[in-house]
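# Observations on the model geometry
This is what each chain is made of:
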Amino acid sequence: MIDALAHFEVRPDSPALSERQSSMSEAQLTEAAVREVLNGVRDPEIGRGLVELKMIDSVALPGPQAVRVQVALPTHAYPGRERIAGAIQQALAARFPGAQAETAFVVRTQGKDSGGGLGLRAKNVVAVGSGKGGVGKSTVAASLAFGLQTYGAKVGLMDADVYGPSIPHMLGAHGQPQVVEQQTAAGQPVRRILPIECSGLKVMSMGFFVPADEAVVWRGPMLHGAITQFLRDTDWGELDYLIIDLPPGTGDVSLTLSQLLGLAGAVVVCTPQQVALLDAVKAVAMFRKVKIPVLGMVENMTGEIFGRGGVQKKAGELGVPFLGEIPIDSQLRINGDEGKLADNFAESNPSRPYLQHVCEQTAMQIAKQLLSEPRMPTLEIL
Ligand code: ADP
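Treat the numbers as computed from the prediction; the structure is a model and nothing was measured.

The rules behind each value
Residues numbered from 1 in each chain as written. Predicted model: local features only at pLDDT ≥ 70, side-chain atom pairs only at ≥ 80, totals over all residues. Heavy atoms only, no water. Helix = DSSP H or I, 4+ residues; strand = E, 2+ residues; numbered from the N terminus. Rg over C-alpha atoms; globule rule 2.2 N^0.38 Å. Buried < 20%, exposed > 50% of the residue type's maximum accessible area, 1.4 Å probe, protein only. Contact = heavy atoms within 4.5 Å. Areas by Shrake-Rupley, 256 points an atom, 1.4 Å probe, with all protein chains shown as cover. Lys, Arg positive; Asp, Glu negative; His and termini not counted. Charge placed at Lys NZ, Arg CZ, Asp CG, Glu CD. Near = heavy atom within 4 Å. Polar contact = N/O pair within 3.5 Å; in protein donor to acceptor, adjacent residues only side chain to side chain. Nonpolar A, V, L, I, M, F, W, Y, C, P; charged D, E, K, R; others polar. Expected span 1.5 Å × (residues − 1). Axes fitted to C-alpha atoms, helices over the stretch in contact; angles between N-to-C directions. Parallel < 35°, antiparallel > 145°, perpendicular 65-115°, else oblique. Left-handed = near helix turned anticlockwise from the far one by under 90°. pLDDT = per-residue confidence, 0-100. Core = buried A, V, L, I, M, F, W, Y, C linked by side-chain atoms within 4.5 Å. Phe/Tyr/Trp six-rings, centres within 6.5 Å; stacked < 30°, edge-to-face > 60°. Lys NZ or Arg CZ within 6 Å of the ring centre and 35° of its normal.

What the chain contains, in helices and strands, is 11 helices and 14 strands. Expected size for 382 residues packed as a compact globule is a radius of gyration near 21 Å; at 23 Å, the chain falls within 12% of this value. With the principal axes as the frame, the chain shows a C-alpha extent of 80 × 60 × 40 Å. Looking at the chain as a whole, 50% of its 382 residues qualify as buried. Long-range contacts, defined as pairs at least 24 residues apart, comprise 73% of the intrachain contacts of the chain with a sequence gap of at least 6. When the accessible surface of the chain is split by element, carbon and sulfur atoms take 52% of a total near 17800 Å². Considering the chain, the positive charge centre built from 34 side chains and the negative charge centre built from 39 side chains are found 6 Å apart.

Laid out in structure tokens, this is it:
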């Protein structure tokens, strides 16, 4: 899918160019020469060469003085892609004066694809956790899911906060998931649960099965069974991201997830005051213990009441990326209460840029981790 085009006229009168021209003769425009130039262009987010990162999808020479470079972005939520186009244009202008350069983008979401053993076709599974309840974990989980989808990604949202499943309410998602009979590739009949589709997201939650005012009492093995079933038996289809809203604090569900698949990582949500930070530190330690990489920390409810900057400072101390802050804003609360979480992404909503920033940073952390480590094959559990 080509979702953005940037055209650049190479201006032979640019100062950088005339300097270069005096020191070197004009290079011949060939694909190999273009690739050589691109070899030296760094990705502004990851800081490594575009060729090394396998982000150059194709190079074409549609005319004697025309170059078309197609760049593969690792996520739909890549921030400021025009910076890549600018860097390519600058490098090509310096080497091929008079040539016309055009940069196009495609998105090839990178992922661990680790759900193979469960039949889960999600490239990246991201858990959202917190040290304690009430800090906005579900709000951030739902915003990540909805936000990533607004960039064009295919996203599912699984509410594993079985003790207080608030995702259906926040999204205004209703109904009871249907169970249907399907066939495996080998022709075996299987029963699959159809997730509820809401605001373009595929959503699954215990809240769809249990009346809102009823308490659910879970023993460890039941919890493990329910989470496994949600992952394995739900017809998620193909997803770029499956976002999981964890119950606060406890390591039970995280341990189950860690045993079932290789998560892209966990996002820890916290408010900035000291008392809350103590719990967030425990949440980070818990994820580390169950071998789930911590993608970063989000500061929620930044403002006069709880303060500002505490989470960023703590993230620095813990050696964990800081993914952004979300100011306290009554409209966020109202939209959550009214089941209109999607409205937080309306253009006029002041929270929108903060939420988008968190989405972009989270997606980029995943991409950075994947691109910096060699890919391991997924083990099929037979
Ligand atoms: P948790 O999942 O951690 O228990 P929730 O996401 O349910 O927390 O949020 C708790 C309450 O705080 C909800 O009413 C929600 O709408 C509200 N809330 C979350 N983030 C913000 C914010 N940044 N500003 C205002 N209210 C918020």
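Okay, back to it.
Neighbouring the ligand are 16 residues; Gly-134, Lys-137, Ser-138, Thr-139 and Asn-300 lie closest to it. The separation between an oxygen atom of the ligand and a polar main-chain atom of Lys-137 is 2.8 Å. Between the ligand and Asp-329 there is a distance of 3.0 Å, counted from a nitrogen atom to a backbone nitrogen or oxygen. Among the secondary structure elements, those contributing two or more residues to the shell around the ligand are α4 (137-150), β13 (294-302), β14 (322-327) and α10 (330-337). A per-element tally of the shell around the ligand places α4 first, with three residues. Of the residues belonging to the shell around the ligand, the class tally is seven nonpolar, six polar and three charged.

So, about α4. Taking 1.5 Å as the rise per residue, α4 with 14 residues should run 20 Å; its terminal C-alpha atoms sit 20 Å apart, in good agreement. Among the 14 residues in α4, 12 count as buried, and that is most of the element. Within α4, the full set of buried residues consists of Lys-137, Ser-138, Val-140, Ala-141, Ala-142, Ser-143, Leu-144, Ala-145, Phe-146, Gly-147, Leu-148 and Gln-149. Phi turns positive, to about 120 degrees, at Gly-152, one or two residues after α4.

Moving on, we come to the side chain of Thr-302. Of note, Thr-302 is situated in strand β13. Discounting residues that sit within four places of it in the chain, Thr-302 has contacts with Pro-272, Gly-307, Arg-308, Glu-325, Ile-326, Pro-327 and Ile-328.

Before going further, it helps to spend a moment on the packing of helix α6 (residues 220-232) against helix α7 (residues 252-260). Two elements in contact, α6 and α7, have axes whose closest approach is 10 Å; the angle formed by their N-to-C orientations is 50 degrees. Relative to α7, the element α6 lies oblique. Seen from above, α6 lies across α7 with right-handed handedness. Here Leu-223, His-224, Ile-227, Thr-228 and Leu-231 of α6 lie close against α7, whose contacting residues are Asp-252, Val-253, Thr-256, Leu-257, Gln-259 and Leu-260.

On to α6. At 3.6 residues per turn, the α-helix brings residues three or four places apart onto the same side. For α6, which comprises 13 residues, the first-to-last C-alpha distance of 18 Å matches the rise-based estimate of 18 Å (1.5 Å per residue) to within 8%. Those residues of α6 not exposed but buried are Leu-223, Ala-226, Ile-227, Thr-228, Phe-230 and Leu-231. Close packing links the buried residues of α6 with β6 (155-159), β10 (201-205), β11 (239-245) and α7.

Before going further, it helps to examine the confidence of the model for the chain. Considering every residue of the chain, the mean pLDDT works out to 89; 91% of them sit at 70 or more. When the criterion is pLDDT under 50, residues 1-24 qualifies, and its contacts beyond four places in sequence or with other chains add up to 47 contacts.

All right, on to the environment of Tyr-354 then. In this structure, Tyr-354 sits in helix α11 (residues 352-372). Exposure remark for Tyr-354: the relative accessible area of 34% places this residue in the partly exposed category. Between the C-alpha atoms of Tyr-354 and Arg-48, which are 306 residues apart in sequence, the distance is 27 Å. When near neighbours in sequence (up to four residues on either side) are disregarded, Tyr-354 contacts Glu-325, Ile-326 and Pro-327.

If you look at the biggest cluster of nonpolar residues, it comprises 44 residues, and the most contacted ones within it are Leu-120, Met-158, Leu-231, Leu-242 and Ile-244. Among all residues touching Met-158, those that are not within four sequence positions of it are Met-204, Ile-227, Phe-230, Leu-231, Trp-236, Leu-242, Ile-243, Ile-244 and Asp-245. In this structure, Ala-153, Phe-208, Ala-264 and Ile-326 belong to the second largest nonpolar core, which totals 41 residues.

With that out of the way, let us pick up the packing of aromatic side chains. Taken as a whole, this structure holds two aromatic pairs when the rule is applied. A centroid spacing of 5.4 Å and a plane angle of 55 degrees characterise the contact between Phe-146 and Phe-345, whose relative ring orientation is tilted. Of this pair, Phe-146 sits in helix α4 while Phe-345 is found in the loop between α10 and α11, placing the two residues 199 residues apart along the sequence. With relative accessibility at 11%, the residue Phe-146 sits in the buried group. Judged by its relative accessible area of 8%, Phe-345 falls in the buried class. Both rings, one in Phe-209 and one in Phe-230, keep their centres 6.4 Å apart while their planes meet at 35 degrees; by these two values the pair is tilted. Here Phe-230 lies in helix α6 and Phe-209 lies in the loop between β10 and α6, a separation of 21 residues in the sequence. Phe-230 gets classed as buried once you look at its relative accessible area, which sits at 5%. When the ring centre of Phe-105 is taken as reference, the NZ or CZ atom of Arg-81 above it lies at 5.6 Å.

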